[in-house]
Structure formats: structure tokens, C-alpha cells
Amino acid sequence: MIEQTLVLLKPDAVQRGLVGEILSRFERVGLKIVGMKLVQVDAELAKKHYPDALIPIVGGKTKKDWDAYGIKYTESVEDIGKMIINATRKFIQQGPVIAVVLEGLHAPEIVRKLVGTTGPKDSPPGTIRGDFAHLSLGYASTQKKGAANLIHASGNSEEAKKEIELWFKKSELFKYPSVHDVHVLYAPYDL
Ligand code: CDP
Ligand code: MG
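In short, a report on the structure. (Residues numbered from 1 in each chain as written. Chains lettered and ligands numbered in written order. Predicted model: local features only at pLDDT ≥ 70, side-chain atom pairs only at ≥ 80, totals over all residues. Heavy atoms only, no water.)

**With respect to the overall build of the protein chain**
Then, in step 1: A tally of helices and strands in the protein chain yields 10 helices and 4 strands.
Then, in step 2: Listing each helix as α and each strand as β along the protein chain from the N terminus yields β-α-α-β-α-α-α-β-α-α-α-β-α-α.
Then, in step 3: In terms of C-alpha radius of gyration, the protein chain reaches 17 Å, essentially the compact-globule figure of 16 Å for 191 residues.
Then, in step 4: By its C-alpha atoms, the protein chain is 65 × 35 × 30 Å across when sized along the principal axes.
Then, in step 5: The burial tally for the protein chain puts 44% of its 191 residues in the buried class.
Then, in step 6: A fraction of 75% describes how many contacts in the protein chain between residues 6 or more apart in sequence connect residues 24 or more apart.
Then, in step 7: When the accessible surface of the protein chain is totalled, it reaches about 10,500 Å², and 57% of it is carbon and sulfur. (Helix = DSSP H or I, 4+ residues; strand = E, 2+ residues; numbered from the N terminus. Rg over C-alpha atoms; globule rule 2.2 N^0.38 Å. Buried < 20%, exposed > 50% of the residue type's maximum accessible area, 1.4 Å probe, protein only. Contact = heavy atoms within 4.5 Å. Areas by Shrake-Rupley, 256 points an atom, 1.4 Å probe, with all protein chains shown as cover.)

**A look at a nonpolar patch on the surface**
Then, in step 1: Taken together, Met1, Ile2, Leu105 and Leu185 make up a surface patch of nonpolar side chains, about 390 Å² in accessible area.
Then, in step 2: Mapped onto the fold, Met1 is located in the segment before strand E1 (2-9). (Patch = residues over 30% accessible without salt bridge, like charges linked within 9 Å, V, L, I, M, F, W, Y side chains within 5 Å. Salt bridge = Lys/Arg side-chain N within 4 Å of Asp/Glu carboxyl O.)

**Overview of the packing of aromatic side chains**
Then, in step 1: Counting across every chain of the model gives 1 aromatic pair.
Then, in step 2: Residues Trp66 and Tyr73 carry aromatic rings whose centres are separated by 5.3 Å and whose planes lie at 55 degrees to one another, so their mutual orientation is tilted.
Then, in step 3: Trp66 sits in the buried class, given a relative accessible area of 6%.
Then, in step 4: Taking NZ or CZ as reference, Lys32 lies 5.3 Å from the ring centre of Tyr176, over its face.
Then, in step 5: Cation over ring: Lys37 sits above Phe168, and NZ or CZ is 4.5 Å from the ring centre. (Phe/Tyr/Trp six-rings, centres within 6.5 Å; stacked < 30°, edge-to-face > 60°. Lys NZ or Arg CZ within 6 Å of the ring centre and 35° of its normal.)

The structure is reproduced here in C-alpha cells:
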């Protein structure tokens, strides 16, 4: 049940000076930082991180907003998705990102809960996207922009494993005891 997950503080989070603020939310629930670095993403890494398989998923999310906001369009979900994925790949290259691997019980699920939903507009107060942003995916798409939603977090355990391998070498990941291990893992004498 102890898992690792990947978090990226996207260029908007770094440029807005929110790195400490966001990372403190993970630290305060007891997740352990086991890897961390500042990375300038290039086109190749952007494409590997946001693969073509995401096209129908991101297209569907924007279509939902366009339908809800009465935005007229003739494009298919596939075409909308292609536009969004290109914009999203560009956005992640706009400036350096902080890449982090967090470890803890159910880490991918816990981190997604703290992050909120994809669109900041629909992310509840208390979540990172809900507390520090407000834009909708529908609006961002009308500007042909990848939504500036501050943070990436692996969607599930399987995605986390693939993404950690993509972003980190084994030698960049660390094992060390944290004070939370006492309370979370119930192994005080192993420290
Ligand atoms: O990041 P998350 O897992 O919540 O969403 P995703 O569906 O995996 O999409 C990846 C990223 O693409 C999002 O975080 C947004 O930055 C961007 N995106 C967007 O700009 N507009 C959409 N309709 C969907 C995604
Ligand atoms: Mg995702």
C-alpha cells in the first residue's frame, strides 16, 4: 500500500512563486519527498508525458465545457483533443517545472484528492487547483491555451510507475526515515 507518485509543479506554479505553498500541503499530510528537481521540458519529453492516447480524454473534457457554456463548434472530439494536447505540450515547456516524487500510503490517490479536478473552476475549495486558480477548461480552450492548472499528478498507480520512470533515474530517488513514518507506518523501532 506504500506507493510513490509523480507531481509536477507546472510553469504557472513556479512563475507565481507557489512552489513552497504547494509542496507544504503534501508535507503536512505526511507524504515524503523522495525525489525533486527543476527541469526545463523539451518537445520530446512533453510528448512522452502527454502522449497521443490522451487526445480523446482531453478533447472530451473541453467538449463538455463547450456544451455547458453554449460554445458553438463543428470539430470532432478527436480534433478538439488534438488542439488541446498541442496547447498542453506547449504550456509545459513555457518555463521550468519542479518535478517531485512523493511516497506514502495510497500516494497517487491522496495526491489527486489534494490536487482537485482538471479544471480549477470545478475544483473545490481546499484543493490546490481550487484554492490557487479559477479558470475553466472551456475558457482556456477558446484562447487555444493548455489550462494553467498549476500542477500535474499521476492519475493512478499504473500511471505513477510509468511517469516516475520517465522523469527520474533510480539514483535520483532516495530512502530515508521521516517523522511521519512513526505515525503512518507504526514502526517506531525501525527508524
Ligand atoms: O491533469 P489531469 O490528470 O487532471 O487532466 P488530464 O485529462 O490528464 O489532462 C492533462 C492536462 O491537459 C491538464 O492538466 C490540463 O493542463 C490540460 N487540459 C486542458 O488544458 N484542457 C482540457 N480539456 C483537458 C486537459
Ligand atoms: Mg492526467
